[in-house]
Amino acid sequence: MVHFEPSRGKTDAGSSAGREGLAPVTYLPGASPADQADDAEDEAAEEREHAEKLLLQRLRGRSLSIVEAQKLLRSTEIDEESVQDILERFTELHYLDEEKLADQIMHSHHERKGLGRSGVGAEMRQRGLDAELIAKKLEEMPDDEAERATELALKRVQQLDRFDDATIDRRLTGFLMRKGYASSVVRDAVKAALASRRGSGRTSTVRFR
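So, how was this worked out
- Residues numbered from 1 in each chain as written.
- Predicted model: local features only at pLDDT ≥ 70, side-chain atom pairs only at ≥ 80, totals over all residues.
- Heavy atoms only, no water.
- Helix = DSSP H or I, 4+ residues; strand = E, 2+ residues; numbered from the N terminus.
- Buried < 20%, exposed > 50% of the residue type's maximum accessible area, 1.4 Å probe, protein only.
- Areas by Shrake-Rupley, 256 points an atom, 1.4 Å probe, with all protein chains shown as cover.
- Polar contact = N/O pair within 3.5 Å; in protein donor to acceptor, adjacent residues only side chain to side chain.
- Salt bridge = Lys/Arg side-chain N within 4 Å of Asp/Glu carboxyl O.
- Expected span 1.5 Å × (residues − 1).
- Arc of directions from axis to C-beta.

Draft legend 1. The arrangement of the overall build of the protein in detail. In terms of regular secondary structure, the protein is built from ten helices and zero strands. Listing each helix as α and each strand as β along the protein from the N terminus yields α-α-α-α-α-α-α-α-α-α. Buried residues in the protein amount to 32% of all 209 residues. Looking at the protein as shown, the accessible area adds up to about 14,300 Å², and 50% of this sits on carbon and sulfur atoms.

Draft legend 2. Broad picture of the side chain of Asp164. Mapped onto the secondary structure, Asp164 falls in the loop between helix H8 (145-157) and helix H9 (165-178). Side-chain polar atoms of Asp164 contact the backbone nitrogen of Ala166, separated by 3.1 Å. Of note is the side chain of Asp164, whose polar atom sits 2.7 Å from the side chain of Thr167.

Draft legend 3. Structural view of the pattern of salt bridges. Going through the model one piece at a time under the given rule, you end up with 15 salt bridges. A salt bridge links Glu99 to Lys136, with the nearest nitrogen and oxygen atoms 3.1 Å apart. Residue Glu99 is found in helix H5 (residues 98-112), and its partner Lys136 is found in helix H7 (residues 131-140); the two are separated by 37 residues along the sequence. Lys136 sits in the partly exposed class, given a relative accessible area of 38%. Lys137 is the salt-bridge partner of Asp103, the closest N and O atoms lying 2.8 Å from each other. Of this pair, Asp103 sits in helix H5 while Lys137 sits in helix H7; the two residues are 34 residues apart in sequence, bridging distant segments of the chain. With a relative accessible area of 35%, Asp103 lands in the partly exposed category.

Draft legend 4. Spotlight on unusual backbone geometry. Non-glycine residue His94 carries a positive phi angle of around 65°. By the element assignment, His94 lies in the loop between helix H4 (80-92) and H5. What makes His94 exposed here is its relative accessible area of 59%.

Draft legend 5. Fine view of H8. Relative to the 18 Å expected for 13 residues at 1.5 Å per residue, H8 spans 18 Å between its end C-alpha atoms, a close match to the ideal helical length. Inspection of H8 places Glu145, Ala149, Leu152, Ala153 and Val157 among the buried residues, and these make up the whole buried set. All buried residues of H8 lie within an arc of 125° about the axis, which places them on one face of the element.

Structure below.
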């Protein structure tokens, strides 16, 4: 019986071809694509949780407008979709309440600090409140600007006792204008303050710039 042995070259080639056909899929060093995707999702969830905690912490200190909260969230590592989702959820939960914030500004700046209507409106705009909400809240303010401006002027004039009338006029006018009172209201309040000063006999001829 004749026996044939295959040549070494053919055997090596055939073996190599067989190995190539059965070679398992391998990955680069590190996690598989599925693991990498899971890691990315976990990292995004952690970043969102951090952003929410940061916003809650800030809200414990004071109320924020939507614009202020949005600015804070955008300073973190979360994407824009997450920013909008958090804003929407916090608004639904009334953690973000712009009408409540507007009321707080009216109380603190008008009732406590004595700011006029334009001064209160300027503060609301600076905080980023909606224009329609600002207009609505300013309409709700009591029509007592003249009374409040006069009250402020009468208190302030007592601190200016050493000045002459012209200096007091200038300083009171600047003081009330910075408070946001209308010029006509300011003029009447300053006149009332100067009249009260003359009536009390407290006058001075010392002039200051």
